[in-house]
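For reference, the chains in residue letters:
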Amino acid sequence: MREIILDIDGTLWDSRQVVADAWNEVTLARTGRHPGHTRQSVGHLFGKTMTDIAQALFPTLPAQERDALAWACFRAENEALERTPGDFYPGVLETIPQLARRQRIFIASNCQAGYIELVLRHSGLRDCFSGWICFDDTGLPKGENLKLLIARHRMERPIYVGDTQGDWEACQAAGIPMIFASYGLGRVEAPLPSIRRFDELLTLPEAQ
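Quick caveat, the model's predicted, so the values are computed rather than measured. (Residues numbered from 1 in each chain as written. Predicted model: local features only at pLDDT ≥ 70, side-chain atom pairs only at ≥ 80, totals over all residues. Heavy atoms only, no water.)

Colleague: Give me the lowdown on the sheet that holds strand β8 (residues 194-195), citing residues and values where you can.
Modeller: What the six strands build is an open sheet, ordered β5-β4-β1-β6-β7-β8; its pairing is parallel. Because the sheet does not close on itself, it has two edges, and the strands there are β5 (131-134) and β8. Judged from the three bridges that link them, strand β1 (residues 4-6) and strand β6 (residues 159-162) form a sheet pairing that is parallel. By the bridge assignment for β6, L6 is matched with V161. On top of the sheet, helix α8 (residues 142-152) reaches β1, β4 (105-109), β5 and β6; it is set at about 155° to β5, its chief contact. (Pairing = 2+ DSSP bridges. Helix = DSSP H or I, 4+ residues; strand = E, 2+ residues; numbered from the N terminus. Contact = heavy atoms within 4.5 Å. Axes fitted to C-alpha atoms, helices over the stretch in contact; angles between N-to-C directions.)

Colleague: I'd like to hear about unusual backbone geometry, residue by residue, with values.
Modeller: Residues other than glycine predominantly adopt negative phi, and peptide bonds predominantly adopt the trans conformation. Even without being glycine, R154 reaches a positive phi, approximately 50°. The class of R154 is exposed, set by a relative accessible area of 73%. (Buried < 20%, exposed > 50% of the residue type's maximum accessible area, 1.4 Å probe, protein only.)

Colleague: Please give an account of the pairing of β6 that cites residues and values.
Modeller: Along β6, one buried face is formed by I159 and V161 and the opposite face, lined by Y160 and G162, is buried too. One ladder, built from three bridges, connects β6 with strand β7 (residues 178-181); its direction is parallel. Note on β7: the bridge partner recorded for V161 is I179. Chirality of the crossover, the property in question, places the unit of β6, helix α9 (residues 165-174) and β7 among those that are right-handed. (Right-handed = clockwise from strand over helix to strand, strands pointing away.)

Below, the structure written as C-alpha cells:
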C-alpha cells in the first residue's frame with residue numbers, strides 16, 4: 001500500500017472566512033486600517049509559505065514590521081480557528097479512519113506551528129496520522145519538507161494529495177506523484193489523477 005500525505009487547506013477543510021476575519025481584526029487593531037479581506041480574496045494565498053503570505057499582505061512595510069504584523073495575524077488565525085473551526089469537506093471525517101486502517105497517512109502543509117494540531121483536534125482523528133510537518137517547523141519550502149517527512153518515516157511509495165500548482169511543484173521537487181483535489185482552492189496545469197470528493201481516495205487506483 002502507498003503512504004498518503006495530505007495537504008490541509010483546500011484538501012481537508014475550508015477555513016477562509018475565519019482566517020479573513022482574524023486578519024482583518026489584527027490589521028485594523030494594529031494599523032487603524034481595515035484591509036477588507038474576504039473569504040474570496042484570501043483564497044489565493046492559501047498554500048503559500050508564511051513568508052510569501054507576509055509579503056503579499058504587507059508589501060510596503062519594512063521587513064521587520066511586516067513580519068511582526070503577519071505573525072500576529074497567523075497567531076490570531078490559530079486562536080480564531082480554535083473557537084470556530086473551518087468546514088471539513090464532504091467525506092473527510094468518514095474517510096480518514098478507513099484510510100488509516102489500511103495504510104499510513106501523513107500531513108505536509110506550508111502553515112504556521114499549531115495549525116495542523118488544531119485541525120486534528122477539531123477532527124478528532126489525530127490518532128489516524130503517523131506524522132506531519134509544516135513550514136514553521138523548518139522554514140523550508142514544501143518540496144524540501146516532503147523529502148524530510150518521507151525520510152523521517154521511511155516511506156516506500158508516498159503520494160501527495162493537494163489542490164494547487166504549488167503542491168504539484170513541491171511534489172516534482174520531492175520526486176513523488178500527486179493526486180489533485182479538484183474540489184479545492186486552486187488549479188494544476190499538469191494532467192493528474194484527480195478526485196471530486198475526498199472519499200474517492202478509497203477507490204482511486206493511484207491511491208492504493
